[in-house]
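Each chain is listed here by its residues.
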Amino acid sequence: MNLPRIVCPPDPGLLQSFVDRTVLVRVPSLGEAAAAAARVGQSGNRLLCVIVESDSPLADLDFQEDQKAIPLAVMAPSTGQFRHLARQLDLLRSFNLRVYLPGHHAENLVGLRILSSVGIYTCAVLGNGSMDWEALADLMTYAVLERVPHAAIEPFNFIASRYDPAAYLEWGGIFFDDPKTYLHLDGKGRVALSPAELRKKQFIAQSIAEIPEPAEFPAIRERLQAWRQYFLDNHPCASCPGWKICLGRFAGDGLGNQGCAGFFLEMLEVARQFKNRQTQAEEFRIWQP
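We now turn to the structure provided with this report. Keep in mind the model is a prediction, meaning the values are calculated, not measured.

Examining the environment of Asp90
So, point 1. Structurally, the position occupied by Asp90 is in helix H4 (residues 89-92).
So, point 2. Here Asp90 falls in the exposed class, since its relative accessible area comes to 61%.
So, point 3. Along the chain, Asp90 and Cys8 lie 82 residues apart, while their C-alpha atoms are 31 Å from each other.
So, point 4. Side chain to side chain, Asp90 and Arg93 meet in a polar contact 2.6 Å long.

Rendered as structure tokens:
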């Protein structure tokens, strides 16, 4: 198991408490991104991206030319007024940017599709509320099978491109929710396994130094093997046709009987169609002189 990436605030003292790690820094506003990125480089660590946790809609953010070189994950509550956003589209298309929107808001599913259609890479953050599974399935089908050029919409493109009928697929890392890939630190350096647990102050260690071997650390090992409990408990999720790409992600919030099974079954079929298209494209090659 490789060392997980560290997600933390850009506090200089905290960043200097470890070295030669891949780091994602969280900031509350876009204007703080450049300074946060610079602090990571000064600390002797490697920047993966700056996570902008904005309370304002995407259209209200003030993107600047000097931010182009910074890899950005912008988490916004919504797109906002598209007529305002349209003024910045040419600039945004030149950014190293992915926009994250909560997937449980119907208007965000429309916003994600619009952003994708104009070349902005996006991600629907799933699992934080009641989903409109039919609307989500429409967005997923568009993301994976639509032939008109558009930017990727995650986690759908990730699932379709990595789906293996003989294996389980964990895709929470798309929005930094996978403890084998990401560990989350607060300003004091305390360690949580996910963004949600960080917000709830549910920590597994007082510092990253307590976790020299992540694969052997009890809390991480237990989390990575938690899916086994569904089989021990004979949970309905364990017999769901979509289990291989859900792994019970929606079981704990009481949403399991509200459409997720049908959605993930449809996602499996779309992933198969995507793989078949790839195979056909490889088999059919125009002759070369």
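Still more ground to cover, so stick around.
Remarks on the nonpolar core
So, point 1. In terms of nonpolar packing, the biggest core is built from 87 residues, with Phe63, Leu72 and Phe156 touching the most fellow members.
So, point 2. Of all the elements, helix H6 (residues 133-145) adds the most residues to this core, at nine residues.
So, point 3. Among all residues touching Leu72, those that are not within four sequence positions of it are Leu30, Ala33, Cys49, Val50, Val52, Gln67, Phe95, Asn96, Leu97 and Arg98.
So, point 4. Membership of the second largest hydrophobic core comes to five residues, among which are Tyr230, Cys237, Ala238 and Trp243.

Regarding unusual backbone geometry
So, point 1. The residue after Glu154, namely Pro155, is reached through a cis peptide bond having omega 5 degrees.
So, point 2. Here Pro155 is to be found in the loop between strand S7 (153-154) and helix H7 (156-162).
So, point 3. Backbone geometry at Phe176 places phi at a positive 65 degrees, although glycine is not the residue there.
So, point 4. The residue Phe176 is located in the loop between H7 and strand S8 (182-185) in this model.
So, point 5. Using a relative accessible area of 5% as the deciding quantity, one classes Phe176 as buried.
So, point 6. The phi angle at Leu247 is positive, at roughly 55 degrees, despite the residue not being glycine.

Re a negative patch on the surface
So, point 1. On the surface, Asp132, Glu134, Asp138 and Glu266 cluster together into a negatively charged patch.
So, point 2. Summarising the element assignment, Asp138 is placed in helix H6.

Re the pattern of salt bridges
So, point 1. Taken as a whole and assessed by the stated rule, the structure comprises nine salt bridges.
So, point 2. With a closest N to O distance of 2.8 Å, Arg223 and Glu197 form a salt bridge. One end of the pair, Arg223, is in helix H9 (residues 218-224); the other, Glu197, is in helix H8 (residues 195-199), with 26 residues separating them in the sequence.
So, point 3. Relative accessible area serves as the criterion here: at 13%, Glu197 is assigned to the buried category.
So, point 4. Taking the shortest distance from any N to any O, the salt bridge between Glu269 and Arg272 comes out at 3.6 Å.

Some points on the pairing of strand S6 (residues 121-125)
So, point 1. Among the five residues that make up S6, four are buried, leaving the element largely enclosed by the rest of the structure.
So, point 2. Both strand S5 (residues 97-102) and S6 contribute to a ladder of five bridges, which runs parallel. By the bridge assignment, Val99 is partnered in S6 with Thr122.
So, point 3. Tracing the backbone out of S5, into helix H5 (residues 106-117) and back to the parallel element S6 gives a crossover that is right-handed.
So, point 4. Looking at chain direction, S6 and S7 are connected through two bridges and run parallel.

Rules used in this analysis
- Residues numbered from 1 in each chain as written.
- Predicted model: local features only at pLDDT ≥ 70, side-chain atom pairs only at ≥ 80, totals over all residues.
- Heavy atoms only, no water.
- Helix = DSSP H or I, 4+ residues; strand = E, 2+ residues; numbered from the N terminus.
- Buried < 20%, exposed > 50% of the residue type's maximum accessible area, 1.4 Å probe, protein only.
- Polar contact = N/O pair within 3.5 Å; in protein donor to acceptor, adjacent residues only side chain to side chain.
- Core = buried A, V, L, I, M, F, W, Y, C linked by side-chain atoms within 4.5 Å.
- Contact = heavy atoms within 4.5 Å.
- Patch = residues over 30% accessible without salt bridge, like charges linked within 9 Å, V, L, I, M, F, W, Y side chains within 5 Å.
- Areas by Shrake-Rupley, 256 points an atom, 1.4 Å probe, with all protein chains shown as cover.
- Salt bridge = Lys/Arg side-chain N within 4 Å of Asp/Glu carboxyl O.
- Lys, Arg positive; Asp, Glu negative; His and termini not counted.
- Charge placed at Lys NZ, Arg CZ, Asp CG, Glu CD.
- Pairing = 2+ DSSP bridges.
- Right-handed = clockwise from strand over helix to strand, strands pointing away.

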